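Take a look at the letters that make up each chain.
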Amino acid sequence: MSLSGQTVAITGASGGLGRELAQQAAQRGARLALMARNETKLSELANELGDDVLVFNGDVTSAENAKKFIEATIEKFGALDQLIANAGQSMWANFDQIEDTELFRQLMEVNFMGVVNCIHPAIDALRKSGGQAVIISSIQSKFGVPAHSAYGASKHAIEGLVDSLRFELANSGINFMAVYPHWIRGTGMRENALGPDGEAVGDCKRSHSNSSIPADVCARKILDALPRRRESLFIPGKLKYLPALKLLLPPFFRWLILSKIKSQK
Ligand SMILES: NC(=O)c1ccc[n+]([C@@H]2O[C@H](COP(=O)([O-])OP(=O)(O)OC[C@H]3O[C@@H](n4cnc5c(N)ncnc54)[C@H](OP(=O)(O)O)[C@@H]3O)[C@@H](O)[C@H]2O)c1
């Protein structure tokens, strides 16, 4: 699926899924604008991808940084076709073990305000290009799981945002695609997750379940879906039945989720 001539802006591109998305989008001919806080990692990636990549060192929790990123993208490439709001952070702590509820604010800032901060300044450009905002959410935007209360809440907030935008901007020509992945293997999410003390947990020994998705496969599915301008993309597709199962059979649903989580300890 070619992205030739399209300008693709990706947040959280210094590692994990964002890096995979950038590498595969470059192979498909996209003009790339990449944002993250780690300038060294971003520059190394940009050097690997070619001369014409915009590297923007910034934090999505800053509305000013996000606005400058979008402005720099439009200044360099003259347009914005695909904005992939991917930057995110997770957690691993039960609610009653969390030492300071500031952790909730921090994850809302990155996972929710980070998306708001990037989409808001991009609306005019996306309207002009008839482009697309792709929000890397999580299946946890549909239901909560243990040890992820703040993460799940921040991803639920994205649902409300995107629902409203689809109404308000129905005639704008912009498509809003929400992506709901299952656990992804091969990213730094578990090491970067906040623990009960509000610090990153670091080296993570938890194994992944067999049903987790490799990051390169996840990135390929997302890029393949861009031309189809879908509203939602569940990875894998069968995840789309889980919200219905939660409504219809709550005890069975909880048993199923717990058994999946236990299988990766
Ligand atoms: N891994 C999973 O199992 C999984 C499952 C479902 C959904 N997701 C979602 O997929 C997305 C990518 O996660 P990942 O697994 O690739 O995690 P990751 O390996 O930890 O990568 C996160 C990326 O986000 C960037 N980032 C974090 N905070 C930022 C901030 N304040 N400003 C700018 N950039 C920031 C990081 O770069 P810097 O540190 O350089 O800023 C990094 O490039 C997230 O939205 C996550 O919620 C992941």
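Reference entry: report on the structure contained in this document. (Residues numbered from 1 in each chain as written. Predicted model: local features only at pLDDT ≥ 70, side-chain atom pairs only at ≥ 80, totals over all residues. Heavy atoms only, no water.)

1. As for the overall build of the protein
Within the protein one finds 10 helices and 9 strands. Its C-alpha atoms give the protein a radius of gyration of 18 Å, near enough to 18 Å, the size a compact globule of 265 residues would have. The C-alpha extent of the protein, read off along each of the three principal axes, is 50 × 40 × 30 Å. The burial tally for the protein puts 48% of its 265 residues in the buried class. Considering only residue pairs separated by 6 or more positions, the protein has 69% of its internal contacts joining residues 24 or more positions apart. When the accessible surface of the protein is split by element, carbon and sulfur atoms take 51% of a total near 12600 Å². With 30 positive and 27 negative side-chain charges, the protein shows a separation of 10 Å between the mean positions of the two kinds. (Helix = DSSP H or I, 4+ residues; strand = E, 2+ residues; numbered from the N terminus. Rg over C-alpha atoms; globule rule 2.2 N^0.38 Å. Buried < 20%, exposed > 50% of the residue type's maximum accessible area, 1.4 Å probe, protein only. Contact = heavy atoms within 4.5 Å. Areas by Shrake-Rupley, 256 points an atom, 1.4 Å probe, with all protein chains shown as cover. Lys, Arg positive; Asp, Glu negative; His and termini not counted. Charge placed at Lys NZ, Arg CZ, Asp CG, Glu CD.)

2. Overview of a negative patch on the surface
A cluster of like negative charges, contributed by Glu99, Asp100, Asp197 and Glu199, occupies part of the molecular surface. Examined against the element boundaries, Glu199 turns out to sit in the loop between α7 (189–192) and β8 (213–214). (Patch = residues over 30% accessible without salt bridge, like charges linked within 9 Å, V, L, I, M, F, W, Y side chains within 5 Å. Salt bridge = Lys/Arg side-chain N within 4 Å of Asp/Glu carboxyl O.)

3. Some thoughts on the site of the ligand
Of all residues adjacent to the ligand, which total 30 residues, the nearest are Arg37, Tyr151, Ile184, Thr187 and Gly188. Residue Asn38 places a main-chain N or O atom 2.8 Å away from an oxygen atom belonging to the ligand. Asn192 has a polar side-chain atom sitting 2.8 Å from an oxygen atom of the ligand. Taking 890 Å² as the accessible area of the ligand by itself, protein coverage stands at 94%. For the shell around the ligand, the secondary structure elements donating two or more residues are α1 (16–27), α6 (149–168) and α7. (Near = heavy atom within 4 Å. Polar contact = N/O pair within 3.5 Å; in protein donor to acceptor, adjacent residues only side chain to side chain.)

4. Overview of the sheet that holds strand β1 (residues 7–11)
Hydrogen bonds between backbone atoms are what pair the strands of a sheet, whose relative direction is either parallel or antiparallel. Here 7 strands make up an open sheet; going across it, the order is β3-β2-β1-β4-β5-β6-β9 and the pairing parallel. This sheet does not close on itself; its edge strands, each paired only once, are β3 (54–57) and β9 (232–235). Taking the axes of each pair of neighbouring strands and ignoring which way they run, one obtains an average angle of 15 degrees across the sheet. Of the strand pairs in this sheet, strand β6 (residues 175–181) and β9 are connected by 4 bridges, and their pairing is parallel. Looking at the pairing, Tyr180 lines up with Phe234 of β9. Against the sheet, α1 contacts β1, β2 (31–36), β4 (82–85) and β5 (132–136), and its axis sits at roughly 165 degrees relative to β2. (Pairing = 2+ DSSP bridges. Axes fitted to C-alpha atoms, helices over the stretch in contact; angles between N-to-C directions.)

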